[in-house]
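An overview of the molecular structure
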Amino acid sequence: MSEGIPLLILALGTLGVVWFLAAAARKQVADAKGAPERSNVIRDHGGAPRQNMPGTEH
């Protein structure tokens, strides 16, 4: 084996582990939210602003 092959395998393995951990964390957050969508901010971006809550008028 060439000297660079084990380093390449280590680098690709590290990227795979990082990707797996990120996917697991993403699934955990989606499960905690109870919805697999990304975020209400991203989904509702650009819509009309919400009405003020009662009692917050100045």
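Preceding this section is the structure that the text describes.
Quick summary incoming for the structure in this document. (Residues numbered from 1 in each chain as written. Predicted model: local features only at pLDDT ≥ 70, side-chain atom pairs only at ≥ 80, totals over all residues. Heavy atoms only, no water.)

Before going further, it helps to spend a moment on the overall build of the chain. Secondary structure summary: the chain contains two helices and zero strands in total. Per-residue burial for the chain yields a buried fraction of 3% across its 58 residues. When the accessible surface of the chain is summed, it comes to about 5,700 Å², and 66% of that surface belongs to carbon and sulfur atoms. (Helix = DSSP H or I, 4+ residues; strand = E, 2+ residues; numbered from the N terminus. Buried < 20%, exposed > 50% of the residue type's maximum accessible area, 1.4 Å probe, protein only. Areas by Shrake-Rupley, 256 points an atom, 1.4 Å probe, with all protein chains shown as cover.)

Each α-helix turn comprises 3.6 residues. Residues three or four places apart therefore point the same way. The first and last C-alpha atoms of helix α1 (residues 4–33) sit 44 Å apart over 30 residues, in line with the 44 Å expected at 1.5 Å per residue. Immediately downstream of α1, the backbone of Gly34 shows phi near 80 degrees, a positive value. (Expected span 1.5 Å × (residues − 1).)

With that out of the way, let us pick up a nonpolar patch on the surface. A cluster of nonpolar residues, Ile5, Leu8, Ile9, Leu12 and Leu15, forms a patch on the protein surface that exposes about 490 Å² of accessible area. With respect to the helices, strands and loops of the structure, Leu8 is situated in helix α1. Residue classification places Leu8 among the partly exposed positions, given a relative accessible area of 46%. (Patch = residues over 30% accessible without salt bridge, like charges linked within 9 Å, V, L, I, M, F, W, Y side chains within 5 Å. Salt bridge = Lys/Arg side-chain N within 4 Å of Asp/Glu carboxyl O.)

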